[in-house]
Amino acid sequence: MLSGWFRTDWLAGWLAAAAKRDELARFEVVTRDAAEQVRQALDPERQLGERLTIGPRAPEAMPEAVRGMITRSCSLPRG
């Protein structure tokens, strides 16, 4: 993610816009890069706080992780 090919500036903008639009939104970034460096790139002002989690996942754990994200997302009440 931090190697230079990924547009962290675009993702940072999207996260900020989504967080502003939906105060219940939570974000999870799965990467092998150092979590603190990724957080600095995506949320330099620390506006997202605990709403943004960053960490690695084993490749075999990814399908279940994505299913869990979709399930949580679909079950949240929207106003």
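Residues numbered from 1 in each chain as written. Predicted model: local features only at pLDDT ≥ 70, side-chain atom pairs only at ≥ 80, totals over all residues. Heavy atoms only, no water.

**Student:** Pulling in residues and values, what's your account of the pattern of salt bridges?
**Tutor:** Under the definition given, this model contains 4 salt bridges. The salt bridge partner of Arg-7 is Asp-9, with a shortest N-O separation of 2.8 Å. In this structure Arg-7 comes out as partly exposed when scored by relative accessible area, which is 41%. The salt bridge partner of Arg-67 is Glu-64, with a shortest N-O separation of 3.1 Å. Residue Arg-67 and its partner Glu-64 are located together in helix 3 (residues 62-75), separated by 3 residues, close to a single helical turn. Look at Arg-67 and you get partly exposed, because its relative accessible area is 47%. (Salt bridge = Lys/Arg side-chain N within 4 Å of Asp/Glu carboxyl O. Buried < 20%, exposed > 50% of the residue type's maximum accessible area, 1.4 Å probe, protein only. Helix = DSSP H or I, 4+ residues; strand = E, 2+ residues; numbered from the N terminus.)

**Student:** Describe the side chain of Arg-39, listing the residues and the values that go with them.
**Tutor:** The topology assignment puts Arg-39 in helix 2 (residues 35-42). A polar side-chain atom of Arg-39 sits 2.6 Å from the main-chain carbonyl oxygen of Leu-52. With sequence-adjacent residues up to four places away left out, Arg-39 is seen in contact with Pro-44, Arg-46, Gly-49, Leu-52, Thr-53 and Ile-54. (Polar contact = N/O pair within 3.5 Å; in protein donor to acceptor, adjacent residues only side chain to side chain. Contact = heavy atoms within 4.5 Å.)

**Student:** Break down the nonpolar core for me, citing the residues and quoting the values.
**Tutor:** Counting 14 residues, the largest nonpolar core has Phe-27, Val-29, Leu-42 and Leu-52 as the members making the most contacts within it. Secondary structure elements with two or more residues in this core: helix 1 (8-21), strand 1 (27-30), helix 2 and strand 2 (52-55). The element best represented in this core is helix 1, accounting for 5 residues. Not counting the four nearest positions on each side in its chain, Val-29 is found in contact with Met-1, Val-38, Leu-42, Leu-52, Thr-53, Ile-54 and Gly-55. (Core = buried A, V, L, I, M, F, W, Y, C linked by side-chain atoms within 4.5 Å.)

Everything listed is a geometric property; what it means functionally is a separate question.
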